[in-house]
Amino acid sequence: MKYRSTRSGETVTAAEALLRGLAADGGLYLPEKLPAPFVSYEKMQDFSYQETAAYVLGRFFTEIPEETMAAFVRKAYGPSFETRDIVPVRTIDESFSMAEMFHGRTCAFKDLALSLFPYLLTWAKEAAGEARRVLILTATSGDTGKAALEGFRDVPGTNICVFYPSHGVSPLQKDQMQKQEGENVRVCGIEGNFDDAQSAVKAIFASPLSAEDGGDAVIFSSANSINIGRLFPQVAYYVWIWLSLVRSGSIGQKETFNVVVPTGNFGNILAAWIARKIGTPIGQLVCASNENHVLSDFFATGTYDRRREFHLTKSPSMDILISSNFERFLYYMAGARQTADAMRALSEEGVYAMPADVMARIGEEMTGGWADEAARAAVASSVYEKYGYLMDPHTAVAYAVYSDLRRKGTISRGTHTVIVSTAHPYKFPDPSAEAAQVSVSGSPYDRLRQLAEATGIPVPPQLARLEDAPVRFGDTIAKEAIADYVKAYAGEIRKASGVK
Ligand SMILES: *Cc1c(COP(=O)(O)O)cnc(C)c1O
């Protein structure tokens, strides 16, 4: 299968799309044609998570031999996950379930894609005959960085460099990054927000290194959710969620289910939308935002306007005003021409608008909603009180939107709804303590112990381990210094690889 850019007709192989991340015209890659609906309960009812993933991914990466893909998937979704189900679906009552995507190495849903992505990328490197080392550049709002670092650490032929907003992540997220292990990794805080980091990284991609700066030894690639190697592994878990719901009897074989996704860069929900395109019976698809509700406003008004105040919230992975993957959805709704124009307007003026016919199509595919900090905190405690279920702040935003739309009648009551649970609550000790109404004090690790004591929910070993690990990467730099930082690292890699 060939891949094409959202902004022009440029087509490339899957290997090229994986290696480049971003298309030369600034657009994002998508399959030339989405596969016709192919998922079927009859065929897949006994599939394990690994079998589901291999089957779904095989349709998007047709050049990767079946056996090879099966091996990648087995390695990616093995013992690094705490549960054999990989994404367990917990039905809380007849109206909703939680799809728990936080049982991987870093306790966030990004582990699902980033456990597999390094295998896809090293396959692509070989398939493209690329002898240079791949330097993964990643801007993170918190969770991507750590998941990418864990995915790529000590993977042969690769290096990874991660930038995170120094003041925009939780103390545990900061520890996760500053204490990262691995010989091929670099992590650096920046004075700025996620959008600053992402813009700087995109600018570096747009101006390749000269040979003397390392260009003869190093090529850049991205682990951000714009890479197709991030997107398609996420499609697989929506198919898995469906199979799980039917198997547990939470829905019937012919029934649909709604999905509510806490959204930032729009990667997770886009995967759900693609899952529906390939036949997963998803009914309503709800895009939930926090106080940075650019998307929810767009769904309501047809205008995407990033010229607004940026809010730091307790759901930092949703503190995003430019949702990169939204460009892909727009492409399907409006075509390459209008998408390219909109993206130009967004970068030049910070705003674009879509005509009524496009908005009508969008309205049929997706619903938006948002919740403020007060609503998020309120549902986190009420759900804990009522069901004994502790949600992380991102998941709580999704739940708050769900409950709001249900009250308004926008979400049909007769259809089972899945709330996508994107992080372990213990990644965010303070909001979680508030939700459980436990008073905690001391270091983040003390707080987790007190929480565990009070709630009976154990501290995941991935988090507990961090407490005594040494800080390896304590630097914070100005956002203007990102390009030079990367150049210096590329130079070091070049030297180490012995290029004269
Ligand atoms: C990344 C992330 C999100 C947002 O996902 P997108 O794919 O960027 O929309 C939501 N919640 C958590 C915990 C995350 O890490």
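Our structure's up above, just so we're on the same page.
Overview of the structure. Bear in mind that the values here come from a model prediction, so they are computed numbers and not experimental data.

### Some points on the overall build of the chain
Phase 1: In terms of helices and strands, the chain carries 20 helices and 16 strands.
Phase 2: Here the chain has a C-alpha radius of gyration of 21 Å; the compact-globule value for 500 residues is 23 Å, and the two agree.
Phase 3: With respect to the principal axes defined by its C-alpha atoms, the chain has extents near 65 × 55 × 50 Å.
Phase 4: Out of the 500 residues in the chain, the part that is buried amounts to 63%.
Phase 5: Only carbon and sulfur atoms are counted for the fraction: they give 48% of the accessible area of the chain, which is about 18500 Å².
Phase 6: The averaged location of the 58 negative side-chain charges in the chain is 3 Å from the averaged location of its 51 positive side-chain charges.

### Focus on the nonpolar core
Phase 1: Within the largest apolar cluster, 114 residues are counted, with the highest numbers of intra-cluster contacts made by Phe-61, Tyr-238 and Tyr-352.
Phase 2: Beyond its immediate sequence surroundings of up to four residues, Tyr-352 is in contact with Phe-298, Gly-302, Thr-303, Tyr-304, Phe-326, Leu-330, Ala-342, Met-343, Ala-345 and Leu-346.
Phase 3: Counting residues in hydrophobic clusters, the runner-up holds 39 residues, among them Met-318, Ala-371, Leu-390 and Leu-448.

### With respect to the packing of aromatic side chains
Phase 1: Counted according to the given criterion, the structure contains 31 aromatic pairs.
Phase 2: Taken together, Phe-266, Trp-273, Phe-298, Phe-299, Tyr-304, Phe-326, Phe-329, Tyr-331, Tyr-332 and Tyr-352 form an aromatic cluster joined through their ring pairs.
Phase 3: The ring of Phe-38 has Arg-59 lying over it, and the distance from NZ or CZ to the ring centre is 4.3 Å.

### Some words on the packing of helix α9 (residues 194-206) against helix α20 (residues 482-496)
In a pair of packed helices, the angle between the axes and the distance between the axes together describe the arrangement.
Phase 1: Contact pair α9 / α20: the axes reach a minimum separation of 9 Å and the direction vectors enclose 50 degrees. Between α9 and α20, the crossing angle belongs to the class labelled oblique. Where α9 crosses over α20, the two elements pack in a sense that is right-handed. Taken together, the residues of α20 that come into contact with α9 (itself represented by Ala-197, Ala-200 and Ile-204) are Ile-482, Ala-483 and Val-486.
Phase 2: The class makeup of the residues in the contact of α9 with α20 is six nonpolar, no polar and no charged.

### Things to note about the environment of Glu-373
Phase 1: Relative to the elements of secondary structure, Glu-373 occurs in helix α15 (residues 373-387).
Phase 2: The spatial distance from the C-alpha of Glu-373 to the C-alpha of Ser-170 is 16 Å, given a sequence separation of 203 residues.
Phase 3: For Glu-373, the contacting residues outside a window of four places in its chain are Glu-291, Thr-313 and Lys-314.
Phase 4: Polar contacts involving the side chain of Glu-373 include one to the side chain of Arg-376, which spans 3.1 Å.

About the thresholds
- Residues numbered from 1 in each chain as written.
- Predicted model: local features only at pLDDT ≥ 70, side-chain atom pairs only at ≥ 80, totals over all residues.
- Heavy atoms only, no water.
- Helix = DSSP H or I, 4+ residues; strand = E, 2+ residues; numbered from the N terminus.
- Rg over C-alpha atoms; globule rule 2.2 N^0.38 Å.
- Buried < 20%, exposed > 50% of the residue type's maximum accessible area, 1.4 Å probe, protein only.
- Areas by Shrake-Rupley, 256 points an atom, 1.4 Å probe, with all protein chains shown as cover.
- Lys, Arg positive; Asp, Glu negative; His and termini not counted.
- Charge placed at Lys NZ, Arg CZ, Asp CG, Glu CD.
- Core = buried A, V, L, I, M, F, W, Y, C linked by side-chain atoms within 4.5 Å.
- Contact = heavy atoms within 4.5 Å.
- Phe/Tyr/Trp six-rings, centres within 6.5 Å; stacked < 30°, edge-to-face > 60°.
- Lys NZ or Arg CZ within 6 Å of the ring centre and 35° of its normal.
- Axes fitted to C-alpha atoms, helices over the stretch in contact; angles between N-to-C directions.
- Parallel < 35°, antiparallel > 145°, perpendicular 65-115°, else oblique.
- Left-handed = near helix turned anticlockwise from the far one by under 90°.
- Nonpolar A, V, L, I, M, F, W, Y, C, P; charged D, E, K, R; others polar.
- Polar contact = N/O pair within 3.5 Å; in protein donor to acceptor, adjacent residues only side chain to side chain.

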